[in-house]
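# Per-entry structural report
What follows is the residue order along each chain.
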Amino acid sequence: MVDGKFNNITGWAAKQNGTPLEPWTYEARPIGTKDVEIQIQCCGICGSDIHTIDSGWGKTNHPVIVGHEIIGKVTAKGDEVSHLQIGDLVGVGAQAFGCLESDCRACSRGLEPHCPKGVFTYNAKYPDGKVSQGGYAEAVRVNSHFAIRIPSEISPQEAAPLMCAGPTVFTPMLRKGVKKGDRVGVVGIGGLGHLALQFARALGCEVTAFSSSDNKKEECLKLGATKFINIKKEEDLKKAKMSLDYLYITSNAKSNDYNKMASWVDYEGQMCLLALPENNLDINPRTLIKGSKYIGGSLIGGIKDIEKTLSFAAEHNIRPIIEKMPMSKVNEGIQSVRDGKVRYRVVLEN
Ligand SMILES: NC(=O)c1ccc[n+]([C@@H]2O[C@H](COP(=O)([O-])OP(=O)(O)OC[C@H]3O[C@@H](n4cnc5c(N)ncnc54)[C@H](OP(=O)(O)O)[C@@H]3O)[C@@H](O)[C@H]2O)c1
Ligand SMILES: [Zn+2]
Ligand SMILES: [Zn+2]
């Protein structure tokens, strides 16, 4: 067995619901033949981290170190890892393991996040019962398939949000063939949303930003929106009726009005849920049937999708707007996300 640099890993853990994260050390998983150990340089704060800290999606396996927009350098690798070298700068998104078998309905189609044996980067259980631990830490060990080389054009801090937020918004655009001239709307201009505006513009779409924050208007227009609609203003909303081919929902507000959102979509248009709100959707079937509108959802992206996200971002100069913060200020960063103050992603640095 290969020895790593971090046999014990210290990070910032949520020990129970509703308390600040605290330093905590856990015993690292052994480095298997296909695994890598990564010394973490930085990690973004994703909305999903907050849902998990709060047990918003069901009871969390506390203590847990969240964080799945991880960038760092390879410090050790298993004997069968040939595509990565010690010292390589890599990123890890929301997945740390998948079966990768040719008969897996998910892995064989590049849909690793749906692998029945998949393990998310944190708060998931490995077959041995141990809970996976994420990136608000000094290091992480994952299956090397899920560690992706970062293009040199993108700085480590800007690459972090491109490990989760980026592929989450770009993958459904790619897989559904969103193209030049299509009318794309994005609801919720946070970590995911501000990247969605940029990816849609780079694809040549006509982009509308739907936000509850008027003070994001100028930036939305710079990031690629040609129209800005304040979802709290009925006058603004009238202009949005039947105006979209695709609508990406990244706001997880409990007050989201999905019937209203459907009214912004044109005949045969598609609404894609990317946010994972803690409540169920309330939608009138007639809203969808009358107008032949579709609603669906999309989960992060497979490894090829993440690679495409990174290369497309490098090529089209798509970068997140980030607020850097030392990892030791993680609780301030989280509070800032909760207060809706972040423009547009906090990236914690070691
Ligand atoms: N599908 C996936 O695979 C996937 C991947 C990553 C994240 N997610 C989910 O996507 C959602 C958004 O993540 P994110 O990282 O983009 O979060 P974020 O940075 O906090 O952005 C969410 C945005 O939603 C809007 N919003 C309005 N009311 C809100 C409320 N009450 N609470 C929270 N947001 C509100 C805000 O935009 P305005 O100010 O413009 O209204 C806010 O900036 C989360 O539910 C997260 O778990 C899903
Ligand atoms: Zn995420
Ligand atoms: Zn699989």
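Please read all numbers here as calculations on a predicted model, not as lab measurements.

Take the packing of helix α3 (residues 165–175) against helix α4 (residues 191–202) next. The N-to-C vectors of α3 and α4 enclose an angle of 45 degrees; their axes lie 8 Å apart at closest approach. Relative to α4, the element α3 lies oblique. When you trace α3 past α4, the crossing you get is right-handed. Residues A165, G166, T168, V169, F170 and M173 of α3 form the contact with α4, whose own contacting residues are G191, L192, L195, A196, F199 and A200.

Within the protein, the atoms that donate to the zinc ion (ligand 3) are C99 (SG), C104 (SG), C107 (SG) and C115 (SG), at distances of 2.3 to 2.4 Å. The coordination sphere of the zinc ion (ligand 3) comprises 4 donor atoms, whose angles at the metal cover 103 to 120 degrees; the geometry is tetrahedral. Within one chain, the residues donating to the zinc ion (ligand 3) are spaced in sequence as C-x4-C-x2-C-x7-C. With C104 in the loop between β6 (95–97) and β7 (119–120) and C115 in the loop between β6 and β7, the pair connects residues that are 11 residues apart, well separated along the chain. By relative accessible area, which is 6% here, C115 ends up buried.

Direction of pairing for strand β11 (residues 206–211) relative to strand β12 (residues 227–230): parallel, over a ladder of 4 bridges. When the bridges of β12 are listed, S211 appears paired with N230. Assessed by its sense of winding, the connection that carries the chain from β11 through helix α5 (residues 217–223) to β12 is right-handed.

This part covers the nonpolar core. M173, V178, V184, L197, F199, Y248 and L310 are the most contacted members of the largest nonpolar core, which has 45 residues in total. The residues that make up this core include at least three from each of domain 1 (8–164 + 301–307 + 319–349) and domain 2 (165–297). Non-local contacts of V178, meaning those with residues more than four positions away in its chain, are made with M173, V184, L203, C205, Y246 and Y248. Judged by nonpolar contacts, the second largest core, of 42 residues, contains A14, V36, L84 and V330.

For P285, the location among the structural elements is in helix α8 (residues 285–289). P285 gets classed as exposed once you look at its relative accessible area, which sits at 52%.

Next up on the list: the side chain of S211. The topology assignment puts S211 in strand β11. Residue class for S211 comes out buried when judged on its relative accessible area of 1%. There is a polar contact of 2.9 Å between the side chain of S211 and the backbone nitrogen of S213. Not counting residues within four places of it along the chain, the set of residues in contact with S211 comprises I189, K216, F228, I229, N230 and I231.

With that out of the way, let us pick up the coordination of the zinc ion (ligand 2). The coordination sphere of the zinc ion (ligand 2), as far as protein atoms go, consists of C46 (SG), H68 (NE2) and C164 (SG), spread over 2.0 to 2.3 Å. Read in sequence order, the donor residues coordinating the zinc ion (ligand 2) give the pattern C-x21-H-x95-C. Linking H68 in the loop between α1 (47–53) and β4 (70–77) with C164 in the loop between α2 (156–159) and α3, this pair joins segments that are 96 residues apart in sequence. Exposure remark for C164: the relative accessible area of 4% places this residue in the buried category.

Moving on to the domain arrangement of the chain. Taken domain by domain, the chain comprises domain 1 (8–164 + 301–307 + 319–349) and domain 2 (165–297). Between the C-alpha centres of domain 1 and domain 2 there is a distance of 27 Å. Linking domain 1 with domain 2 are 1 salt bridge, by the criterion used here. If you look at where domain 1 meets domain 2, you find 15 residue pairs in polar contact (both at pLDDT 80 or more). When grouped by side-chain class, the residues that make up the side of domain 1 that touches domain 2 number 10 nonpolar, 4 polar and 6 charged.

Rules and cut-offs
Residues numbered from 1 in each chain as written. Chains lettered and ligands numbered in written order. Predicted model: local features only at pLDDT ≥ 70, side-chain atom pairs only at ≥ 80, totals over all residues. Heavy atoms only, no water. Axes fitted to C-alpha atoms, helices over the stretch in contact; angles between N-to-C directions. Helix = DSSP H or I, 4+ residues; strand = E, 2+ residues; numbered from the N terminus. Parallel < 35°, antiparallel > 145°, perpendicular 65-115°, else oblique. Left-handed = near helix turned anticlockwise from the far one by under 90°. Contact = heavy atoms within 4.5 Å. Donors = N, O, S within 2.8 Å, 3.2 Å for Na, K, Ca; no water. Tetrahedral: all angles 85-135°; square planar, octahedral: opposite > 155°, others 65-115°. Buried < 20%, exposed > 50% of the residue type's maximum accessible area, 1.4 Å probe, protein only. Pairing = 2+ DSSP bridges. Right-handed = clockwise from strand over helix to strand, strands pointing away. Core = buried A, V, L, I, M, F, W, Y, C linked by side-chain atoms within 4.5 Å. Domains from an automatic or database assignment. Polar contact = N/O pair within 3.5 Å; in protein donor to acceptor, adjacent residues only side chain to side chain. Salt bridge = Lys/Arg side-chain N within 4 Å of Asp/Glu carboxyl O. Nonpolar A, V, L, I, M, F, W, Y, C, P; charged D, E, K, R; others polar.

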